[in-house]
Amino acid sequence: MKKIVFLFPILVLASCYNAEHNCKDFKTGKFKFETEVNGEKKTTYFERKDDIEIETYEGKTDTATIRWVSDCEYVLQKKHPKNMAEEKAISMKILNTSKDSYTFEFGLVGSEEKQRGTVYKVD
C-alpha cells in the first residue's frame, strides 16, 4: 500500500507534463534533417511554403505537395515520382517542438511501421 501511495504523486506529475507543440512555427521556412545511412551521416535540406516542400538530398532536388491534416500532422506526396516506391504518400506527425527544432514520426500512409527524427530550422 505504501508503494501505491508513493507512486501516485509521481503519476500525477507525469500526467501533467505536456510536450511543447508550436507546430505552426514550422509550417514555412528552411530546414535540415540529418540521418545515418550505412554508418555515414547524410543531410537533407528542404524549404516548406504552406502546401509545397522542395527537398535537396545529395545534390538532387525534388518537390512534394503537403496536405495538412491538423496543425501538427501532414501528408507528403512527391510531385514527380521516379518509381512506384516514390508514388506512396508519407505521413508526418510532429511530436514536440522547441525554439528551432521539432521531433517527428513518419511512415508510409497506411503502414504501422514508423520512424522518428529531428528537424532543425536553419532560416
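Residues numbered from 1 in each chain as written. Predicted model: local features only at pLDDT ≥ 70, side-chain atom pairs only at ≥ 80, totals over all residues. Heavy atoms only, no water.

Under an unreviewed UniProt entry, the protein chain has the name DNA topoisomerase IV and belongs to Flavobacterium humidisoli.

Engineer: I'd like a rundown of the pattern of salt bridges, residues and numbers included.
Structural biologist: One pass over the structure, following the stated rule, counts 11 salt bridges. With a shortest N-O distance of 3.6 Å, Asp71 and Lys27 are connected by a salt bridge. With a gap of 44 residues between them, Asp71 in the loop between strand E4 (60-70) and strand E5 (73-78) and Lys27 in the loop between helix H1 (2-16) and strand E1 (28-37) connect regions that are remote in the sequence. As a salt-bridge pair, Lys32 and Glu34 come within 3.6 Å of each other at their nearest N and O atoms. (Salt bridge = Lys/Arg side-chain N within 4 Å of Asp/Glu carboxyl O. Helix = DSSP H or I, 4+ residues; strand = E, 2+ residues; numbered from the N terminus.)

Engineer: So, the state of the cysteines: which residues are in play, and what are the values?
Structural biologist: Disulfides are covalent bonds that link the sulfur atoms of two cysteine residues. For the structure on display, the rule yields one disulfide. With its sulfur 1.9 Å from that of its partner, Cys23 forms a disulfide with Cys72. Negative torsions about the S-S bond denote left-handed disulfides, and the value of about 95° found for Cys23 with Cys72 makes this one right-handed. Placement of Cys23 in the loop between H1 and E1 and of Cys72 in the loop between E4 and E5 is noted, with a sequence separation of 49 residues between them. Judged on exposure class, the residue Cys23 and its partner Cys72 are both buried. (Disulfide = S-S within 2.5 Å. Buried < 20%, exposed > 50% of the residue type's maximum accessible area, 1.4 Å probe, protein only.)

Engineer: Break down the pairing of E1 for me, with residues and values.
Structural biologist: Here 10 bridges tie E1 to strand E2 (residues 40-49), and the two strands are oriented antiparallel to one another. Directly across from Gly29, in E2, lies its bridge partner Arg48. Counted between consecutive antiparallel strands, the loop separating E1 from E2 contains two residues, among which Asn38 sits at a positive phi close to 50°. Both E1 and strand E8 (residues 115-121) contribute to a ladder of three bridges, which runs antiparallel. (Pairing = 2+ DSSP bridges.)

Engineer: Give a detailed account of the environment of Lys42, specifying residues and quantitative values.
Structural biologist: Inspection of the secondary structure assignment puts Lys42 in strand E2. Residue Lys42 is classed as buried on the basis of its relative accessible area of 15%. For the pair formed by Lys42 and Tyr57, sequence separation is 15 residues and the distance between their alpha carbons is 8.2 Å. Ignoring anything within four residues of it in the chain, the contact list for Lys42 reads Phe33, Glu34, Thr35, Val37, Tyr57 and Glu58. Separated by 2.5 Å, the side chains of Lys42 and Glu58 make a polar contact. (Contact = heavy atoms within 4.5 Å. Polar contact = N/O pair within 3.5 Å; in protein donor to acceptor, adjacent residues only side chain to side chain.)

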